[in-house]
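# Structural features, examined
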Amino acid sequence: MSVFITGTAGFIGFHTAKVLLARGERVIGLDDLNDYYDVELKNARLAELEADASFTFYHADIANREDVGGIIDAHGEIEGIVHLAAQAGVRYSLENPYTYLHTNIDGQVTLLEACRKLKQLKHIVYASSSSVYGSSTDMPFSVDQKLERPMSVYAASKISCEMMAHCYAHLYGMPLSGLRFFTVYGPWGRPDMAAMIFIRKILAGDAIDVFNNGEMKRDFTYIDDIVAGVVNCLDRPPISDGTEPPSNIYNLGNNRAEQLMDFVHIIEKELGAAASINYLPMQPGDVPETLANIDKSRSELGFEPRVSIEEGLPKLVAWYREYYGS
Ligand SMILES: NC(=O)c1ccc[n+]([C@@H]2O[C@H](COP(=O)([O-])OP(=O)(O)OC[C@H]3O[C@@H](n4cnc5c(N)ncnc54)[C@H](O)[C@@H]3O)[C@@H](O)[C@H]2O)c1
């Protein structure tokens, strides 16, 4: 099968492409390689993928209609799509709201429009986020909750993506599944996220910022568990029962709300160094706790997170040391 993965030079896109290539699929990748974070890291991920002859890469903007239309025209054989290209990050969306409209909303509509031409398309899986639950205190977050309280432009853009997906499933019968990822970490991770920031700063002897005075809980999810969920989902397109469109939403989280300070202590132990900590108030747009209810993902996707932070963080630290030589 040919699978089109957008955001292939990104953290989750890279790992998803690796797993699909390893099981013998052809992967067509797209990424604009923007400099929101270290472009060298994106290129290094890409270089790993390009070592496989079944991988084809397009350097393009997901919101560019001509380019995306051209890729779809050139690859009428595409059967699966994993749409991960996005402007991520809650905090960055406070200063750069238009990037989120461009990439996340315009980009998703551009892709969905182009995909209408695909005759063999079986399923589009796209990334949503735990941030869609916003200030909800109804824990654990269930996919049956109403999404009424987004706290950032990023969260609102992801809710819009889910709405657009439902609309295209309804109008054109396109099978679409949205995956709400919960704080993903692991090797080849994102340098703008807590785990990588903490490692980098502790190694450099710099203080780390800890918000809400450390009173934060996160459902940290290891990358291999996320990718297993993405691939299981891709293999299980929703089927319309005649009344509802073929559109689905799942939570992919570890189903454990970890104290942020426990997360920090494991990193300190792995690095053999104590962190100096700036305790700060809550940041605008941020939420104090996330926890996924994964009942539906378990029963319909066979999703079963296996990696705890005690097991996953040492793997991240080991990769970090090897990759950055520190
Ligand atoms: N990592 C997490 O914890 C997490 C949590 C919730 C949701 N998500 C979502 O999962 C998806 C993948 O996230 P990630 O952690 O791999 O992020 P990432 O930033 O590493 O990957 C996204 C990729 O998309 C590319 N991209 C950005 N704008 C683009 C554009 N206009 N055109 C083409 N490519 C573009 C980037 O260059 C990047 O390589 C995103 O949709 C993100 O919002 C991630």
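Relevant structure appears above.
What comes next is a walk through the structure. Predicted model, so just to flag it, every value in this text is computed and none were measured. (Residues numbered from 1 in each chain as written. Predicted model: local features only at pLDDT ≥ 70, side-chain atom pairs only at ≥ 80, totals over all residues.)

## Here we look at the sheet that holds strand β2 (residues 26–31)
The strand order across the open sheet built from seven strands is β3-β2-β1-β4-β5-β6-β11, with neighbouring strands paired in parallel fashion. Either end of the sheet is taken by a strand with one partner, and the two such strands are β3 (55–59) and β11 (247–252). Strand-to-strand, the axes of this sheet are offset by a mean angle of 15 degrees, without reference to chain direction. Those strands touched by helix α5 (residues 97–115) are β1 (2–6), β4 (78–83) and β5 (123–129), and its axis lies near 175 degrees from that of β4. Packed onto the sheet, helix α6 (residues 153–172) meets β5, β6 (176–181) and β11 and runs at close to 160 degrees relative to β5. (Pairing = 2+ DSSP bridges. Helix = DSSP H or I, 4+ residues; strand = E, 2+ residues; numbered from the N terminus. Axes fitted to C-alpha atoms, helices over the stretch in contact; angles between N-to-C directions. Contact = placed C-beta atoms within 7 Å.)

## What to know about the packing of helix α3 (residues 65–74) against α5
Between α3 and α5, the shortest axis-to-axis distance is 9 Å and the interhelical angle comes to 35 degrees. You can see that α3 and α5 cross each other, and the crossing is right-handed. Contacts between α3 and α5 involve Arg65, Val68, Gly69 and Ile72 on the former and, on the latter, Thr110, Leu111, Ala114 and Cys115. A per-class count over the contact of α3 with α5 returns five nonpolar, two polar and one charged. (Left-handed = near helix turned anticlockwise from the far one by under 90°. Nonpolar A, V, L, I, M, F, W, Y, C, P; charged D, E, K, R; others polar.)

## Notes on the site of the ligand
Taken together, 27 residues sit near the ligand, with Gly7, Gly10, Phe11, Ala86 and Ala127 positioned nearest. Among the elements of the structure, α1 (11–22), α5 and β5 are those that each provide at least two residues to the shell around the ligand. Considered class by class, the residues forming the shell around the ligand number 13 nonpolar, nine polar and five charged. (Near = placed C-beta within 6 Å.)

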